[in-house]
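One-letter residues, chain by chain:
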Amino acid sequence: MLCFLHHSEEELRSNQDPSLLDTLCTDSYLDVQKTARWFYQLVRAIWPALPQSHNWHLKLLPSRRSCQFQVTNGKERFRIEMFFGVRRGDSDIFVSSQPGYAGTPNTLWPETYAVAEAKFFQYISRKAPPDSLHLRCLQLVTRALLGIGFSTYTMKTIVMHLLNTVPLSQWSRRYFLQRLGDINVSLRCCLEQKHLNHFVIGNKRFPLHIRLPHDIASAEPPNLFHHLSQYLAAHSQAMNEYQDLQIRLANVLLNGH
């Protein structure tokens, strides 16, 4: 497929279906819903030619900003969701079809840092001790969040900041409870200060081999808890939910649930 921005209209007309711009775009902007519909059509067309189609039944599920599929073979059933992304230059930052908020316009592609964050965790796994429990810590606190207002991204951000400051040798099994304590204290301090820096944007300690656009690397880190400083009720609720989280974590550690 030729790029609409970097090829002339003559090249586009002579080398590809002239209706593709209308198929994928709205007013020359790449449209998420149209892109998902186009991809659905490709999958539907190619599926019968795949060997898996002999044993697996493919069902396309409705979705506005992604492609969702269900495959079944009579015994097993799997649900697959695919999001689309456009890479920013040669960096590890993308704009994504995943909605940033309810009612995100079809032509708006929010910026995502998921790939850069995944590469950070891969980097940590390579350098950490074999018995490192940093992922176990994250899984445990994320599990305790069910039904509580804190997002998993909040806890992920706190853990990433700690991984960037606490020596990796101190994430082994013998330090498990200490690191959980650090996560707990860090969350409480951030809530009290109503401030939690974004981990990727403007982080001067971010690994250099993970490529960031200059504007991302040099920007002032946004405060993920900015809303707590604006709304007293939101801050009071967050502090109450923090207490609920402590009870949940204690139950998980003592009883496993």
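In this text the structure is predicted, and so the values were computed from the model without any measurement. (Residues numbered from 1 in each chain as written. Predicted model: local features only at pLDDT ≥ 70, side-chain atom pairs only at ≥ 80, totals over all residues. Heavy atoms only, no water.)

Novice: Account for the overall build of the chain, with residues named and values stated.
Specialist: When its secondary structure is counted, the chain shows 10 helices and eight strands. Overall size of the chain, expressed as C-alpha extent along the three principal axes, is 65 × 50 × 40 Å. Residues classed as buried in the chain amount to 37% of the 257 residues present. Relative to all contacts within the chain whose residues are 6 or more apart in sequence, the contacts with residues 24 or more apart total 55%. As displayed, the chain has an accessible area near 15600 Å², and 54% of this comes from carbon and sulfur atoms. Taking the average location of the 27 positive side-chain charges in the chain and that of its 20 negative ones, the two points are 10 Å from each other. (Helix = DSSP H or I, 4+ residues; strand = E, 2+ residues; numbered from the N terminus. Buried < 20%, exposed > 50% of the residue type's maximum accessible area, 1.4 Å probe, protein only. Contact = heavy atoms within 4.5 Å. Areas by Shrake-Rupley, 256 points an atom, 1.4 Å probe, with all protein chains shown as cover. Lys, Arg positive; Asp, Glu negative; His and termini not counted. Charge placed at Lys NZ, Arg CZ, Asp CG, Glu CD.)

Novice: Got a sec to walk through the sheet that holds strand β6 (residues 85-87)? Specific residues and values, please.
Specialist: One open sheet accounts for three strands, arranged β6-β7-β8; its pairing is antiparallel. Two strands lie at the open edges of the sheet, namely β6 and β8 (111-112), each paired on one side alone. Both strand β7 (residues 94-96) and β8 contribute to a ladder of two bridges, which runs antiparallel. Looking at β8, one finds that Phe94 is bridged to Thr112. (Pairing = 2+ DSSP bridges.)

Novice: An account of the nonpolar core is needed here, citing residue identities and associated values.
Specialist: Ranked by internal contacts, the top residues of the largest apolar core, which has 45 residues, are Phe150, Leu163, Ile183, Leu187, Leu191 and Leu245. Of all the elements in the fold, those that place two or more residues in this core are α4 (114-127), α5 (134-144), α6 (152-163), α7 (176-193) and α10 (232-255). Apart from residues lying up to four places away in sequence, Leu191 is in contact with Phe150, Phe225, Leu228, His235, Ala238, Met239 and Tyr242. Core analysis: the second largest hydrophobic core is formed by 11 residues, Tyr40, Val43, Phe84 and Trp109 among them. (Core = buried A, V, L, I, M, F, W, Y, C linked by side-chain atoms within 4.5 Å.)

Novice: Account for α7, with residues named and values stated.
Specialist: It helps to recall that an α-helix has 3.6 residues per turn; residues three or four apart then point in one direction. In a regular helix each residue adds 1.5 Å, so 18 residues correspond to 26 Å; α7 covers 26 Å between its end C-alpha atoms and thus fits that length. Buried residues of α7: Phe176, Arg179, Leu180, Ile183, Ser186, Leu187, Cys190 and Leu191, and no others. Taken down its axis, α7 places every buried residue within 130 degrees of arc, on the same side. The outward face of α7, more than 90 degrees from its buried face, is lined by the exposed residues Leu177 and Gln193. The first or second residue beyond α7 is Lys194, which carries a positive phi of 55 degrees. (Expected span 1.5 Å × (residues − 1). Arc of directions from axis to C-beta.)

Novice: Describe the environment of Asn184, naming the residues involved and giving the relevant values.
Specialist: In this structure, Asn184 sits in helix α7. Separated by 142 residues in the primary sequence, Asn184 and Leu42 place their C-alpha atoms 47 Å from one another. Dropping the residues within four chain positions of it, Asn184 is found in contact with Tyr242 and Gln246.

Novice: Please give an account of the pairing of strand β5 (residues 77-82) that cites residues and values.
Specialist: Pairing geometry for strand β4 (residues 67-72) and β5, over six bridges, is antiparallel. Across the sheet, residue Gln70 finds its bridge partner in β5, namely Arg79. The antiparallel hairpin formed by β4 and β5 contains four residues in its connecting segment, where Gly74 sits at a positive phi of about 95 degrees.

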